[in-house]
Amino acid sequence: MKSEYDAIVVGAGHNGLVSAAYLARAGLTVAVFEKRPIVGGAAITEEIWKGFKISRLSYAYSLFDPQIVRDLQLEKHGLRVVSTDPDLFVPFPERKHIFIWEDAKKTAQGFEKFSSKDAKSYPKYLEFWKGISELLGPMMLSPPPSLEDFTSVFASPETLEGLKVLMFSSVSDLLDEYFESDYVKAAICPRGLIGTMVGPKSPGSAYVLGHHVIGGSSGETGIWGYLKGGMGALSDAIAKSAESFGAEIARNAGVSSIDTQDGEVSGIELSDGTTVRAKIVVSNADPKQTFLRLVGRDKLDQNFVKGIEKIKDQGCVVKLNAALEELPDYKALPGKDLGLQHKGITSIGPSMDYCEKAFDDAKYGKPSEHPFLRIVYHSANDPDLAPSGKHTMSIFAQYFPYNLKEGNWDERKEEVGDSIIDTLSEYAPNIKRAVMQREVLTPFDMEREFSLPKGNIFHMEITPDQMFFFRPAAGWAQYRMPIKGLYLCGSGTHPGGGVTGAPGYNAAQAVLADAKRDRDLDNSQ
Ligand SMILES: Cc1cc2nc3c(=O)[nH]c(=O)nc-3n(C[C@H](O)[C@H](O)[C@H](O)COP(=O)(O)OP(=O)(O)OC[C@H]3O[C@@H](n4cnc5c(N)ncnc54)[C@H](O)[C@@H]3O)c2cc1C
């Protein structure tokens, strides 16, 4: 590595890598410094047990922007998407189940056995989100709109209703409007709760649902897929692309400070004391770490510091990864041989009330006694991820607040791991003996090992009060930060969390636009 570059990227999460690739493609000399031994941040695959390759944190590829795939030639660098159908399997204790298919008609047919009204409403519900996606989709791969531009797209009476739902409604308000069956509502509801300290009845949760519906790896609204090689395959492909444009990536290279001189950024210092100079520093670390630790409060305007300090970021997710002897045998759809029930996401959470009660525990600092779970058996779609005949299991479980009322996370993690497996075993009794190995990643582990603040999977909550022009702080949503030359490019910027690549892309465009403006100014003098 050299001692000076045009641009330095702090952190090789997928967004940092996207920024690095676009900057290098535009001809800048770029260095990326990543604290961990591997790139990818929350989009990683690691062989934590021999022969089992685990997507340790994020598990589904759904929101990544196709334009970035094309621009960075990610398929040439190894990206392969495996789309699955059905997308979702929801078993219920009464031995009933629901599938959500790519084909909406097929899904609606399945709803018939629960409610004819809901079967008829399903296309209307999808139409609602399609309308919202058409309005908001173009705002994702671009800087956030101003408040005026944002509201102006919702000008007609019908779209204004959409704005109301998006900004102020709860998942429960929205689903009650379209559906009557508790089973149908249970199948759809958890997507509005993912990674966020909100329950189905919390205002703003409808936006969280929208966040996960808009986009889709197959180009259709809300369809999820998987990557050959797990989530790390995406990060590896972006890293290869960045390197092909000349970017250099240093691993095991934690940044301890972002340095400034005369109010402008001047470079970084690594944990081993090495300094590297650059007039542009793009931070993929979360906003609180970037400003309060790496830059330092004293170098910043105190109003800006207050805006950063009040970011809501309490994490509420536990990730349980496991190596399985055999696939789960669901009471609601028996069979241990690979079947449709093992292909997509399995959602455990039999009613909206169940999810609300799970949230109630967490509100008061307790791990949910009965959590909702989203489970993926990646090896069911990509056998290379596990030894022959064996499987991987990835459980995303909620709600587990970072701030515990009793005990600490190191003391309580295995007890919580047991409760997650107990919950699943009520639906698939063979799971307890099927687990050969497991790791439980608590919000505290996610902070300690992966630098996710308070274990927040999106760096900060994705509730409407922290999105668009409010992300990361009101007045600072354009990637450019109060110190000249310093930019943010991670999930703490518009359009927020998820494996989208969009914050990284948008930040790179801001850097390049400023560089062009500076060049034009120099030329005109
Ligand atoms: C358990 C879990 C499940 C999820 N599931 C999904 C899913 O299925 N689908 C989906 O789309 N999204 C999912 N998400 C969200 C998604 O993974 C994240 O929003 C996204 O990956 C964040 O990307 P990023 O590049 O912005 O930041 P990060 O991935 O957090 O990357 C930041 C990088 O910066 C590095 N870093 C931090 N500080 C320093 C420093 N001081 N010096 C050097 N390096 C530093 C970190 O090590 C990390 O590599 C999930 C997240 C989690 C945690």
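The coordinates are above.
These lines cover the structure that appears in this document, whether it is placed above or below. No experiment lies behind these values; they were computed from the predicted model shown.

### Focus: the overall build of the protein chain
(1) Moving on: Helix and strand content of the protein chain: 17 helices and 19 strands.
(2) Moving on: Computed over C-alpha atoms, the radius of gyration of the protein chain comes to 23 Å, within 12% of the 24 Å expected from 2.2 N^0.38 for 525 residues, which places it in the range of a compact globule.
(3) Moving on: With the C-alpha coordinates aligned to their principal axes, the bounding extent of the protein chain is approximately 75 × 60 × 50 Å.
(4) Moving on: Counting 58 positive and 69 negative side-chain charges, the protein chain places the centres of these two groups 2 Å from one another.

### What to know about the site of the ligand
(1) Moving on: With respect to spatial proximity, 35 residues lie near the ligand, and among them Glu34, Ala42, His459, Gly498 and Val499 are the closest.
(2) Moving on: Within the backbone of Tyr59, one N or O atom sits 3.1 Å away from an oxygen atom of the ligand.
(3) Moving on: Between the ligand and the protein, one listed contact pairs an oxygen atom with a side-chain N or O atom of Ser491 at 2.9 Å.
(4) Moving on: Here the ligand has 1,000 Å² of accessible area as a free molecule, and 98% of this is covered by the chains.
(5) Moving on: Looking at the shell around the ligand residue by residue, the class counts come to 15 nonpolar, 16 polar and 4 charged.

### Notes on helix H13 (residues 352-363)
(1) Moving on: Compared with an ideal rise of 1.5 Å per residue, which puts 12 residues at 16 Å, H13 spans 16 Å between its outermost C-alpha atoms and is within 8% of the ideal.
(2) Moving on: Looking at H13, one finds that the buried residues are Met352, Tyr354, Cys355, Glu356, Ala358, Phe359, Asp361 and Ala362.
(3) Moving on: Against helix H7 (171-178), helix H8 (182-188), strand S16 (372-376), strand S17 (391-398) and helix H14 (409-425) lie the buried residues of H13.
(4) Moving on: Trailing H13 by a residue or two, Gly365 shows a phi angle of about 80 degrees, which is positive.

### Notes on the environment of Lys50
(1) Moving on: Take Lys50: it is sitting in the loop between strand S3 (46-49) and strand S4 (52-54).
(2) Moving on: Taking the C-alpha atoms as reference points, Lys50 and Pro387, 337 residues apart in sequence, are found 8.6 Å from one another.

### Quick word on the pattern of salt bridges
(1) Moving on: Counted according to the given criterion, the structure contains 33 salt bridges.
(2) Moving on: Lys228 serves as the salt-bridge partner of Asp382, at 2.6 Å between the closest nitrogen and oxygen. Of this pair, Asp382 sits in the loop between S16 and S17 while Lys228 sits in the loop between strand S8 (225-227) and helix H10 (232-244); the two residues are 154 residues apart in sequence, bridging distant segments of the chain.
(3) Moving on: Salt-bridge contacts for Asp384 lead to Lys228; the nearest nitrogen and oxygen are separated by 3.0 Å. In this pair, Asp384 sits in the loop between S16 and S17 while Lys228 sits in the loop between S8 and H10, placing the two residues 156 residues apart along the sequence.

The rules behind the values
Residues numbered from 1 in each chain as written. Predicted model: local features only at pLDDT ≥ 70, side-chain atom pairs only at ≥ 80, totals over all residues. Heavy atoms only, no water. Helix = DSSP H or I, 4+ residues; strand = E, 2+ residues; numbered from the N terminus. Rg over C-alpha atoms; globule rule 2.2 N^0.38 Å. Lys, Arg positive; Asp, Glu negative; His and termini not counted. Charge placed at Lys NZ, Arg CZ, Asp CG, Glu CD. Near = heavy atom within 4 Å. Polar contact = N/O pair within 3.5 Å; in protein donor to acceptor, adjacent residues only side chain to side chain. Areas by Shrake-Rupley, 256 points an atom, 1.4 Å probe, with all protein chains shown as cover. Nonpolar A, V, L, I, M, F, W, Y, C, P; charged D, E, K, R; others polar. Expected span 1.5 Å × (residues − 1). Buried < 20%, exposed > 50% of the residue type's maximum accessible area, 1.4 Å probe, protein only. Contact = heavy atoms within 4.5 Å. Salt bridge = Lys/Arg side-chain N within 4 Å of Asp/Glu carboxyl O.

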